[in-house]
Structure formats: structure tokens, C-alpha cells
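Given next are the chains, with one letter for each unit.
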Amino acid sequence: QVHLVESGGGLVQPGDSLTLSCAASGRFSRVNTMGWYRQSPGKQRELVASMTTFGITNYGDSVKGRFTISRDNAKNLVYLQMNSLEPEDTAAYYCNLKSGGMNIWGEGTLVTVSS
């Protein structure tokens, strides 16, 4: 079974930076898309950023210019560098892996941005 484990969440102040990490384990194709989604109370889960094995990225409009996704294909790791964090970024952040018909989610890591 494919397993995703997020780490790096925590409490930060507005304007701070934070980096999330996601480690993937198990059997899955090396051709895939990994990314980050987030969900806060009262809102639907939304795309934050995603990246294919080949480096094609997509970002949610609200994080463009502030967040950067990266990945280490050899180590099956994906990162999310978050800069200039705002209270609106407060959410549970979920790592995601898509490959063929496979759609796997991590359990999430909480990011709280508050003064």
C-alpha cells in the first residue's frame, strides 16, 4: 500500500515562512503527480500546488508568488516552501499522490498562522 506522511506544520506568525515535507512509500509508478491541498473550516479542499515527475507545476491562485513546490524523485519526497504566510493560509495541509487510477492522501499536517 502507498503511504504518505506529512511533516513540518506548526504555529507561525503572519509574514513567517514554513516548509512542509511529504514522504511517499510503497509501490507506485515513477510517473506521477504529487502535490499539496489544504482545507480550512467552512471551505472546500483546494489545490495549493502540484508537480509532476517531470517538473510541471500548478499553483492555486491564492499562493502564487508565495509558495514553491519541489520534489526529490529519487527519494520520493515533495516539499512546500511557504513564504509570507497569512492568516488565510491557516488550514490542514494534505499531501497527495496521483498516478494512473491511484489517488492517495496523507493524513494532513496543520498550519496555523496567527499573531
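Everything quoted here is computed from the prediction, not taken from an experiment.

Caption draft 1: How the structure looks around the state of the cysteines. On inspection of all chains with the given rule, the structure shows one disulfide. For Cys22, the disulfide goes to Cys95, at an S-S distance of 2.0 Å. One disulfide, between Cys22 and Cys95, carries an S-S torsion of -85° and so falls in the left-handed class. Pair noted here: Cys22 is in strand 3 (residues 18-25) and Cys95 is in strand 9 (residues 91-99), with a separation of 73 residues, a long-range link. Taken individually, Cys22 and Cys95 each receive the classification buried, so the pair is uniform in this respect.

Caption draft 2: Representation of the pairing of strand 1 (residues 3-7) in the model. The side-chain alternation of strand 1 yields one buried face, formed by Leu4 and Glu6, and one unburied face, formed by His3, Val5 and Ser7. Looking at chain direction, strand 1 and strand 3 are connected through five bridges and run antiparallel. Within strand 3, the position partnered with Val5 by the bridge is Ala23.

Caption draft 3: Structural view of the nonpolar core. In this structure, Trp36, Leu80, Met82 and Tyr93 are the most contacted members of the largest nonpolar core, which totals 26 residues. Those elements that provide at least two residues to this core are strand 3, strand 4 (33-39), strand 5 (46-52), strand 7 (67-72), strand 8 (77-82), strand 9 and strand 11 (109-113). Each residue touching Leu80, except ones within four places of it in the same chain, is listed here: Leu18, Thr19, Leu20, Trp36, Val48, Ala49, Phe67, Thr68, Ile69 and Tyr93.

Caption draft 4: Local environment of the environment of Asp72. Relative to the assigned elements, Asp72 resides in strand 7. Between the alpha carbons of Asp72 and Thr33 there is a distance of 12 Å; along the sequence they are 39 residues apart. At 3.2 Å, the side chain of Asp72 forms a polar contact with the backbone nitrogen of Ala74.

The rules behind these values
- Residues numbered from 1 in each chain as written.
- Predicted model: local features only at pLDDT ≥ 70, side-chain atom pairs only at ≥ 80, totals over all residues.
- Heavy atoms only, no water.
- Disulfide = S-S within 2.5 Å.
- Helix = DSSP H or I, 4+ residues; strand = E, 2+ residues; numbered from the N terminus.
- Buried < 20%, exposed > 50% of the residue type's maximum accessible area, 1.4 Å probe, protein only.
- Pairing = 2+ DSSP bridges.
- Core = buried A, V, L, I, M, F, W, Y, C linked by side-chain atoms within 4.5 Å.
- Contact = heavy atoms within 4.5 Å.
- Polar contact = N/O pair within 3.5 Å; in protein donor to acceptor, adjacent residues only side chain to side chain.

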